[in-house]
Amino acid sequence: MARWLRPLVGALLLLEGAAALSFLHHRYEELVQALFRVQSQCPYVTRIYSIGRSVEGRHLYVLEFSDSPGVHEPLEPEFKYVGNMHGNEVLGRELLLQLSEFLCEEYRRGNERITRLIHDTRIHIMPSMNPDGYEVAAKQGPDSNGYLTGRNNANGVDLNRNFPDLNTLMYYSREISGPNHHIPLPDNWKSQVEPETLAVIQWISSYNFVLSANLHGGAVVANYPYDKSQDQRFRSHRRTVNTPTPDDKLFQKLAKTYSYAHGWMHRGWNCGDYFADGITNGASWYSLSKGMQDFNYLYTNCFEITLELSCNKFPPEEDLERQWMANREALVAFIEEVHQGIKGLVSDENNNGIAGAVISVQGISHDITSGGLLVLLHAGSFQYSLLEAIWICGWRLAGDTGDYFRLLLPGTYTVTASAEGYHPQTVTTTVGPAAPSLSIHLFLVAECCRLLDIGLFVRTASPKLVTKGQTVSQGAHVLWGRQWRVIGATDGTAEVRVDKGQGTVCWLQQGYGLGVGRDMLRKLFLLSTNPLCSQEVSRTG
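To start, this report covers the structure provided alongside it.

Conventions and cut-offs
- Residues numbered from 1 in each chain as written.
- Predicted model: local features only at pLDDT ≥ 70, side-chain atom pairs only at ≥ 80, totals over all residues.
- Heavy atoms only, no water.
- Helix = DSSP H or I, 4+ residues; strand = E, 2+ residues; numbered from the N terminus.
- Buried < 20%, exposed > 50% of the residue type's maximum accessible area, 1.4 Å probe, protein only.
- Contact = heavy atoms within 4.5 Å.
- Areas by Shrake-Rupley, 256 points an atom, 1.4 Å probe, with all protein chains shown as cover.
- Axes fitted to C-alpha atoms, helices over the stretch in contact; angles between N-to-C directions.
- Parallel < 35°, antiparallel > 145°, perpendicular 65-115°, else oblique.
- Left-handed = near helix turned anticlockwise from the far one by under 90°.
- Expected span 1.5 Å × (residues − 1).
- Core = buried A, V, L, I, M, F, W, Y, C linked by side-chain atoms within 4.5 Å.
- Pairing = 2+ DSSP bridges.
- Polar contact = N/O pair within 3.5 Å; in protein donor to acceptor, adjacent residues only side chain to side chain.
- Phe/Tyr/Trp six-rings, centres within 6.5 Å; stacked < 30°, edge-to-face > 60°.
- Lys NZ or Arg CZ within 6 Å of the ring centre and 35° of its normal.

**Details of the overall build of the protein chain**
Link 1 in the chain: Each helix and strand counted, the protein chain has 14 helices and 27 strands in total.
Link 2 in the chain: Looking at the 541 residues of the protein chain, the share that counts as buried comes to 56%.
Link 3 in the chain: Within the protein chain, contacts between residues at least 6 apart in sequence are counted, and of these 74% link residues at least 24 apart.
Link 4 in the chain: When the accessible surface of the protein chain is split by element, carbon and sulfur atoms take 53% of a total near 21800 Å².

**Remarks on the packing of helix α8 (residues 248-261) against helix α11 (residues 320-336)**
Link 1 in the chain: Between α8 and α11, the shortest axis-to-axis distance is 7 Å and the interhelical angle comes to 150 degrees. With respect to each other, α8 and α11 are oriented roughly antiparallel. By crossing handedness, the relation of α8 to α11 is classed as right-handed. In this structure, α8 contributes L254, T257, Y258 and A261 to the contact, and α11 contributes A326, N327, E329, A330, L331, A333 and F334.

**Focus: helix α7 (residues 195-206)**
Link 1 in the chain: The end-to-end C-alpha separation of α7 is 16 Å, in line with the 16 Å expected for 12 residues at 1.5 Å each.
Link 2 in the chain: What α7 keeps buried is the set E196, T197, A199, V200, I201, W203, I204 and S206.

**Details of the nonpolar core**
Link 1 in the chain: Y81, L99 and W203 are the most contacted members of the largest nonpolar core, which has 110 residues in total.
Link 2 in the chain: Sorting elements by how many residues they give to this core places α11 first, with 9 residues.
Link 3 in the chain: The contacts of L99, once residues within four sequence positions are left out, are Y81, I125, W324, L331, V332 and I335.
Link 4 in the chain: In this structure, A219, V221, F275 and Y286 belong to the second largest nonpolar core, which totals 6 residues.

**Observations regarding the sheet that holds strand β1 (residues 46-53)**
Link 1 in the chain: Taking strand neighbours across the sheet as the criterion, the 8 strands line up as β1-β2-β4-β3-β5-β10-β6-β9 in an open arrangement whose pairing is mixed. Among the strands making up the open sheet, the edge pair consists of β1 and β9 (279-281). On average, each strand axis in the sheet is inclined to that of its neighbour by 20 degrees, with strand direction left out of account.
Link 2 in the chain: Pairing of strand β6 (residues 219-224) with strand β10 (residues 303-310), which is carried by 5 bridges, proceeds in the antiparallel orientation. Across the sheet, N223 pairs through a bridge with T306, a residue of β10.
Link 3 in the chain: Sitting on the sheet, helix α2 (residues 28-41) touches β1 and β2 (59-65), and the angle it makes with β2 is about 25 degrees.
Link 4 in the chain: Seen against the sheet, α11 touches β3 (78-83), β4 (122-126), β5 (209-216) and β10 and runs at an angle of roughly 150 degrees to β3.

**Focus on the environment of E308**
Link 1 in the chain: By secondary structure assignment, the location of E308 is in strand β10.
Link 2 in the chain: Along the sequence, E308 and L215 sit 93 residues apart, while their C-alpha atoms lie 6.3 Å from each other.
Link 3 in the chain: Aside from chain neighbours lying at most four places away, what touches E308 is H216, G217, G218, A219, V220, V221, M265 and W285.
Link 4 in the chain: Side-chain polar atoms of E308 contact the backbone nitrogen of G217, separated by 3.4 Å.

**Some remarks on the packing of aromatic side chains**
Link 1 in the chain: According to the stated counting rule, one finds 20 aromatic pairs in the structure shown.
Link 2 in the chain: Between the aromatic rings of F251 and Y297, the centroid separation amounts to 5.5 Å while the plane-to-plane angle is 70 degrees, which identifies the pairing as edge-to-face. Of this pair, F251 sits in helix α8 while Y297 is found in helix α10 (residues 292-299), placing the two residues 46 residues apart along the sequence.
Link 3 in the chain: Using a relative accessible area of 0% as the deciding quantity, one classes F251 as buried.
Link 4 in the chain: Since its relative accessible area comes to 0%, Y297 is described here as buried.
Link 5 in the chain: Between K80 and the ring centre of F209, over which it is positioned, the NZ or CZ distance is 5.5 Å.
Link 6 in the chain: The aromatic ring of Y134 is capped on one face by R93, whose charged end is 3.5 Å from the ring centroid.

Laid out in structure tokens, this is it:
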């Protein structure tokens, strides 16, 4: 189907029985009421949750749409919209409330397109990331609002300049042929971010988001990564330095999907600026450091773009309906893009899902990883994923899906799945131009008993040696009372074998500390799920 026809057909599907909505600005209490009203109208396909609180204590609410709210279903991608990051850029906030009402109403009406979207996608909508800033802007209203009034949070910080600067680490890493994906956070990052930023980082670390958009105002353009150029510049200089990601063509396509489905964004001339096709590379427009869309791409599996939606940052209420009609089809069409590319399960020979497997595409130097249960738990000063806690407690749940989602343009690709302790698998596949995500399941065979360099950190009041026959308690608040019995040792200190109480025997390198490291648990989990490693074997490495 021709590109220009597809938005038209989609719009016709949405026009059928579209409900009349109220077009008002919503203060915080009214926003909360609107979200809970939608949830009460569509209780079986929605859920409301808070990812944290703002500086002044307001909840950062998210409304989820899914046929199984609160549950990640294998092979169902996760999508998010974030609005009102800058408190005085309010159109995105109102559009996301309108979208929430619209999805609910159309689902109740039996709209086939919306029903399919909600059944096949887990959609997360956060109308306001900066509710404190919005309240400051709203007190002045649209007529007298200053260009920067309410932009920042209650601490006076611009939240879109507050994420850890992974671009600088990436540019340095690239010079030494290092990775540009899943870049570790600096050790002191939590002390450098605001409560709202911290909540979002923990949120996107807890869900395997695939696609996202961040809604802003002050221009009309779809902006895609990178936002920060290697040669740092500022907006006033206006010198063009295009800074593409390895997925540049894909990002352009995603941006055009929104632009051409929008009422006028694709025309290019808006707010005194011209952007061909209504899209721009962020750094080509102006360089922005510590922004959210680059952070998503460099730290997670999520591909995010920034949507600038109105010349007026705080448009009057009488303009809200016109803006909604201009953005409605684009908002829905962009969600549908989460189904473009390939997806599948990464499993071992026993059909156990492998979380954290790396999915590489030949010719695109940006990898993604398979997901698992990533609900974060806190134990003392340590943080574990539920996958790690499951292994510690001796549990196995069906939630260890190992599913992955790789957005790709139409074409033929060579895809490799790899995970530590397993032989990689490579396949060649073709992505069609109009079909939904192609399911490619990948099976990895464990490298038998090639034992890994794992550190066991024993929780003791003071460092002490672990010897054969000794029972070591890990501490109830860290490992829920699990005890480890040492059944073998080399020189009494260098390395030990432990029996975790279920007959699983593995070699570990002994160390000291107050907890169990995340990397060790992930690697030990791989060993424990391989039945071959339950045999007592000699360490060969």
